[in-house]
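In case you want the letters, here they are:
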Amino acid sequence: MASSANLGRHLEHYVTDLVKRGRYNSRSEVLREGVRMIEDREKRLAALDLSIARGLADVEAGRLKPAKDVRARLMAKYQDEAKDADL
């Protein structure tokens, strides 16, 4: 499917410069990589949204621990690891 895109003056110049410098072989290659990067970002954002929703569901269901308890557990863990490593 052929498509065209109006990138505006600044982005058109930028894409042209990337191709001229040999960073990419064609304008299409630049645009494809840009779209792939957006696709990857959207996937990561969706995963983050899901994690946030799970966390909020845990809070609403009362599945949480006080921060002081978590801190104490982590401090003990890392102190033990430091002792084991002779730090």
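Residues numbered from 1 in each chain as written. Predicted model: local features only at pLDDT ≥ 70, side-chain atom pairs only at ≥ 80, totals over all residues. Heavy atoms only, no water.

Where we set the bar: UniProt positions are given in the numbering used here, feature names are shortened, and annotations may be inferred rather than shown by experiment.
In the nomenclature of an unreviewed UniProt entry, the protein corresponds to Antitoxin ParD1/3/4 from the organism Rhizobium giardinii. The Sequence similarities (unreviewed entry) field of the UniProt record for the protein holds the comment "Belongs to the ParD antitoxin family."

**Considering the pattern of salt bridges**
What counts is decided by this rule: One speaks of a salt bridge when a side-chain nitrogen belonging to Lys or Arg is within 4 Å of a carboxyl oxygen belonging to Asp or Glu. The helix count covers DSSP runs of H or I at least four residues long, the strand count covers runs of E at least two residues long, and both are numbered beginning at the N terminus. Think of it in three bands: residues with accessible area under 20% of the maximum for their type are buried, residues over 50% are exposed, and the middle band is partly exposed, with areas taken using a 1.4 Å probe on protein chains only.
Within the structure shown, the criterion is met by six salt bridges. One salt bridge in this structure joins D17 and R21, with 3.1 Å as the shortest N-O distance. A salt bridge links R44 to D40; the shortest N-O distance between them is 3.1 Å. Within this pair, R44 and its partner D40 are both found in helix α2 (residues 27-60), separated by four residues, close to a single helical turn. By relative accessible area, which is 51% here, R44 ends up exposed.

**A word on the environment of D84**
Secondary-structure assignment places D84 in helix α3 (residues 67-84). The class of D84 is exposed, set by a relative accessible area of 69%. With 63 residues separating them in the primary sequence, D84 and R21 have C-alpha atoms 53 Å apart.

**Quick look at a negative patch on the surface**
Note the following rule: Residues enter patches when their relative accessible area tops 30% and they take part in no salt bridge; the joining distance is 9 Å for like charges and 5 Å for the nonpolar side chains Val, Leu, Ile, Met, Phe, Trp and Tyr. The method behind every accessible area is Shrake-Rupley, applied with a 1.4 Å probe, and residues are considered shielded solely by the protein chains displayed. In this tally, Lys and Arg are treated as positive and Asp and Glu as negative; His is ignored, and so are the chain termini. Note on charges: their place is set at NZ of Lys, CZ of Arg, CG of Asp or CD of Glu.
Judged by side-chain charge, D80, E81, D84 and D86 come together as a negatively charged surface patch. Within the secondary structure layout, E81 lies in helix α3. According to the relative accessible area criterion, E81 is partly exposed, its value standing at 41%.

**Comments concerning a nonpolar patch on the surface**
A surface patch of nonpolar side chains, about 350 Å² in accessible area, is lined by L45, L48, I52 and L56. Among the structural elements, L48 can be located in helix α2. A relative accessible area of 45% places L48 in the partly exposed class.

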